[in-house]
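Breakdown of the fold
Listed below, chain by chain, are the residues.
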Amino acid sequence: MIIKTRSIEYKYMGLQMLYRRLPSEHAMKAVIHSKMKSAKAGIMGETKVAEVFDRYSFPFNCRILHDVSLSSNGKFQMDTVFISPYYIVILECKNIVGELCFETVPPCLTRTLENGKKEIFESPEVQVYRNMYLFKEWLHGRGIELPVKGVIVLSNMKSKVVKPPNHTDVIYASSIPVYLRNLPREKKYLSSTQMDDLAQSIVAAHQAYFPYPMCKNWSIDPACLMTGVQCKGCEQFGMVKKNIGWICSNCGNIDRNAHVLTIQEWFTLIDDRISNKDCRKFLQINSSQLASRILNSMNLTREQKAKNTVYRWMW
C-alpha cells in the first residue's frame with residue numbers, strides 16, 4: 001500500500017528557474033546546468049523505483065512512502081521507506097551510468113564512463129548508514145523498536161558495479177520485489193494498525209525541503225539575473241503588458257497570466273518578500289498601480305514594513 005508519493009521537486013524547479021535567468025556569459029551558468037542535469041537524473045531514477053512499487057504486490061502487509069524528509073538529531077531525506085511487520089527498509093536510489101567502485105578510504109563512489117572519464121561522488125553507503133541511524137533515533141523517540149535495514153538501488157541497468165560496498169547490498173530496481181520478499185521474516189514487530197499509525201506519523205512529520213532563495217544558496221548576485229517577463233513561446237524576456245495581456249515583441253505570443261511565473265521566480269530566486277518597487281523592476285513595468293494590481297491579484301500575504309507594503313508567497 002503506497003501511503004506517500006513523491007513530492008514536488010523544488011530543488012530541480014529552482015535550478016531550472018536560475019538557469020533560465022542567468023545570462024550565457026555568467027561564470028555559474030555551466031555549473032547550474034550540470035546540477036540541473038544531475039537533479040533530473042535523480043528524479044528519473046526515483047520515478048523508476050516508484051513505478052516498480054506501483055506494479056508489484058507483496059505476500060505480506062506493507063506500507064510504502066516515497067521522498068520522506070524528517071528531522072531527528074539532524075535533518076535527513078529518504079528516497080523510499082518500506083514498512084513491513086518485520087522490518088523497515090530504506091531504499092537509496094542512484095541513477096548513475098558507468099562502472100562503479102564503492103571506495104572506503106576515504107568513503108566515496110567513483111564512476112568511470114566508456115570514454116575513460118572518471119568522477120567522484122558522495123558515498124551512497126555513508127548516506128544509507130546516516131539515514132538508518134537518524135531514522136532509528138526518530139523511531140526510538142516514538143517508542144518504536146524494530147530492525148531498520150538499508151539498500152542501494154541502481155535505477156539504470158547501464159550501471160555496472162566493479163567494486164561493491166563492504167556492508168551494504170546493491171541491487172537493480174527490477175530486483176526490488178524479490179529482494180524485499182527474501183529478507184528474513186522471523187519476528188513480527190508491528191500489527192496492521194501500528195503500521196498505519198507509523199506511516200501517518202511519518203507523513204505528519206514530513207518536512208518539504210525548500211532550497212530557496214537560490215541566489216543566496218549559490219552565492220549569486222541577484223543583480224546578475226535577467227529581468228522581464230519571459231515568453232513561453234520563444235523564451236524571449238521582456239514581454240510588454242497591454243490590456244489584452246502580455247505581448248511578446250519577438251513572436252507576437254499573447255499570455256494573460258505570464259506575470260504569475262515571473263513573480264514565483266522572484267520568490268524562488270531572490271527573496272521571500274517583494275515590494276511594489278521590486279515588482280516593477282523585475283517585471284520591467286513603470287506603473288506602480290499596475291504592480292499593485294498584479295501583486296493583489298495573486299495569493300500573497302501582505303505585510304507592513306515601516307511605510308512600505310511587502311508581499312510574501314506561502315509555499
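Residues numbered from 1 in each chain as written. Predicted model: local features only at pLDDT ≥ 70, side-chain atom pairs only at ≥ 80, totals over all residues. Heavy atoms only, no water.

1. A few points about the packing of helix α8 (residues 276–283) against helix α9 (residues 288–297)
Short version of the rule: Between N-to-C directions, angles span 0 to 180 degrees; the directions come from axes that are lines fitted to C-alpha atoms, helices contributing only their stretch in contact. Secondary structure elements are defined from DSSP: runs of H or I of at least 4 residues count as helices, runs of E of at least 2 residues count as strands, and each element is numbered from the N terminus. Should an angle fall under 35 degrees it is called roughly parallel, over 145 degrees roughly antiparallel, and 65 to 115 degrees roughly perpendicular, with every other angle called oblique. Here a residue-residue contact requires only that any non-hydrogen atoms of the pair lie within 4.5 Å. Charged means Asp, Glu, Lys or Arg here, nonpolar means Ala, Val, Leu, Ile, Met, Phe, Trp, Tyr, Cys or Pro, and polar covers whatever is left, Gly included.
Following both chains from N to C, one finds α8 and α9 inclined at 100°, their axes separated by 9 Å at the closest point. Here α8 lies roughly perpendicular to α9, going by the angle between them. Residues N276, C279, R280 and L283 of α8 form the contact with α9, whose own contacting residues are S288, A291, S292, I294 and L295. Classifying every residue of the contact of α8 with α9 by side-chain character gives five nonpolar, three polar and one charged.

2. A few points about the nonpolar core
Spelled out, the test is: For our purposes a nonpolar core is just a set of buried Ala, Val, Leu, Ile, Met, Phe, Trp, Tyr and Cys residues, chained together by side-chain atoms within 4.5 Å. When a residue's accessible area, from a 1.4 Å probe over protein chains only, is under 20% of the maximum for its type it is buried; when over 50% it is exposed; and in between it is partly exposed.
L18, W246, I263, L269, I274, L283 and I294 are the most contacted members of the largest nonpolar core, which has 39 residues in total. Contributions of two or more residues to this core are made by α1 (10–21), α2 (29–55), α6 (214–217), α7 (258–269), α8 and α9. Per-element accounting of this core gives the leading share, six residues, to α1. Once residues lying within four places of it in the same chain are set aside, the contact partners of L269 are G14, M17, L18, R21, P213, M214, C215 and L225.

3. Side note on unusual backbone geometry
Trans is the prevailing form of peptide bonds, just as negative phi is the prevailing case for residues other than glycine. For the peptide bond that leads from V105 to P106, omega is -10°, which places it in the cis range. With respect to the helices and strands, P106 occurs in the loop between β5 (98–104) and β6 (107–112). Omega for the peptide link from Y212 to P213 comes to -5°, which places this bond in the cis form. With respect to the element layout, P213 can be found in the loop between α5 (192–205) and α6. For D67, which is not a glycine, the phi torsion comes out positive at approximately 55°.

4. With respect to the packing of α7 against α8
Spelled out, the test is: Each crossing is labelled by how the near helix is turned from the far one, with a counterclockwise turn of less than a right angle marking it left-handed and a clockwise turn marking it right-handed.
Taken N-terminus to C-terminus, the directions of α7 and α8 make an angle of 115°; their axes are 11 Å apart at the nearest point. Seen along the crossing, α7 lies across α8 with a hand that is right-handed. Taken together, the residues of α8 that come into contact with α7 (itself represented by H259, T262, I263, E265 and W266) are D278, C279, F282 and L283. Here the residues of the contact of α7 with α8 sort into five nonpolar, two polar and two charged.

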